[in-house]
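What follows is the residue order along each chain.
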Amino acid sequence: MRDLALDHFIAAGRAELAPATLPLRIQGLRFARQGRTLIHGLDLTLDRGGITMVMGPNGAGKSLLLRLVHGLIAPCAGEILWGGAPVSPAITRRQALVFQKPVLLRRSVAANLDFVLKARGRASASTREALLARVGLAGRGGQPARLLSGGEQQRLALARALATEPEVLLLDEPTASLDPASVQAFEAIVADVARQGTKVLFVSHDIGQARRMADDVVFIAGGWVAEHSPAECFFAAPDSAVARAYLAGHLVL
């Protein structure tokens, strides 16, 4: 099984740079699969940095949205514009996506990073070691990547994404299968990445995590954006009935 996001941003590295990433403007977005519409005329604008948490019930379309805006799949209708330009390799080379379950190369920890760094023309031992230290894996370069713990593998996947120096970091439930200590370590790295200017779109079911990390919240239900508001407003008094039900622990379809 290949890591499609890895293939995508390596191939995109051969393209010219786009002039901007934000704002992200989505209008009338629709996506269907096997005759079933999963994204229904979705509209959304993100024009600020920081961490945007994408929340909603299972099957709402959260992961699909990340894949659509990152160009891994094409919409059936609608428009996705990054900095006024449609999705293209020139845009997506400035982004990186980390999935819930990382697909690591059958190589050492160091080789997993070197593969990406070489593709981006940044290969050097010092760059690799700085990335490993940044994600708490200093001194682990010689270890087989697939023998790392689950939390360590996810931090390696994050380091691999950061090796591309993304302006936008897309995270698809990256801590859903991790223990509390690993979640805390991952969150600390992401918070630091955001403080340094990278825009983060973070899909999560964890309400506590969203409270800790979000600058704003996009709540998706039934394939459309039910609410988009600053985090403090969303958690204090969400406008939509579906978001209120979700935060109260009720089943939302």
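Residues numbered from 1 in each chain as written. Predicted model: local features only at pLDDT ≥ 70, side-chain atom pairs only at ≥ 80, totals over all residues. Heavy atoms only, no water.

(A) Expanded view of the sheet that holds strand 7 (residues 168-172). Pairing is mixed across the open sheet formed by six strands, whose spatial order is 6-7-8-3-9-10. Edge positions in the open sheet fall to strand 6 (95-98) and strand 10 (224-230), since each of these has one partner strand only. Strand-to-strand twist of the sheet, defined as the mean angle between neighbouring strand axes without regard to direction, takes the value 15°. (Pairing = 2+ DSSP bridges. Helix = DSSP H or I, 4+ residues; strand = E, 2+ residues; numbered from the N terminus. Axes fitted to C-alpha atoms, helices over the stretch in contact; angles between N-to-C directions.)

(B) Highlighting the confidence of the model for the protein. Summary statistics for the protein give a mean pLDDT of 91 and a share of 91% for residues scoring 70 or more. Note that pLDDT drops below 50 for residues 1-19; the model gives that stretch 43 contacts with residues more than four away or on any other chain. (pLDDT = per-residue confidence, 0-100. Contact = heavy atoms within 4.5 Å.)

(C) Geometry of the packing of helix 6 (residues 150-162) against helix 7 (residues 180-195). At a closest axis distance of 9 Å, the pairing of helix 6 and helix 7 adopts a crossing angle of 15°. Taken as axis vectors, helix 6 and helix 7 run roughly parallel relative to one another. Every pair of crossing elements has a handedness; the one defined by helix 6 and helix 7 is right-handed. Side by side, helix 6 and helix 7 meet where Gly151, Gln154, Arg155, Leu158 and Leu162 of the first sit next to Ser182, Ala185, Phe186, Ile189, Val190 and Val193 of the second. In terms of residue class, the contact of helix 6 with helix 7 is built from seven nonpolar, three polar and one charged. (Parallel < 35°, antiparallel > 145°, perpendicular 65-115°, else oblique. Left-handed = near helix turned anticlockwise from the far one by under 90°. Nonpolar A, V, L, I, M, F, W, Y, C, P; charged D, E, K, R; others polar.)

(D) Geometry of the pattern of salt bridges. In total, this model carries nine salt bridges according to the counting rule given. Between Asp192 and Arg195 there is a salt bridge, and its shortest N-O distance comes to 3.7 Å. A residue pair is termed a helical-turn pair when its members lie 3 or 4 positions apart in one helix, as Asp192 and Arg195 do in helix 7 at three residues. Residue classification places Asp192 among the partly exposed residues on the basis of a relative accessible area of 25%. Overlapping salt bridges, with partners in common, bring together Asp114, Arg128 and Glu129 in one network. (Salt bridge = Lys/Arg side-chain N within 4 Å of Asp/Glu carboxyl O. Buried < 20%, exposed > 50% of the residue type's maximum accessible area, 1.4 Å probe, protein only.)

(E) Structural context of unusual backbone geometry. Note the cis peptide between Leu22 and Pro23, where omega equals 0°. Counting through the fold element by element, Pro23 comes out in the loop between helix 1 (4-12) and strand 1 (24-33). Positive phi, close to 55°, is recorded for Glu165, a residue that is not glycine. Counting through the fold element by element, Glu165 comes out in the loop between helix 6 and strand 7. We classify Glu165 as exposed; its relative accessible area is 53%.

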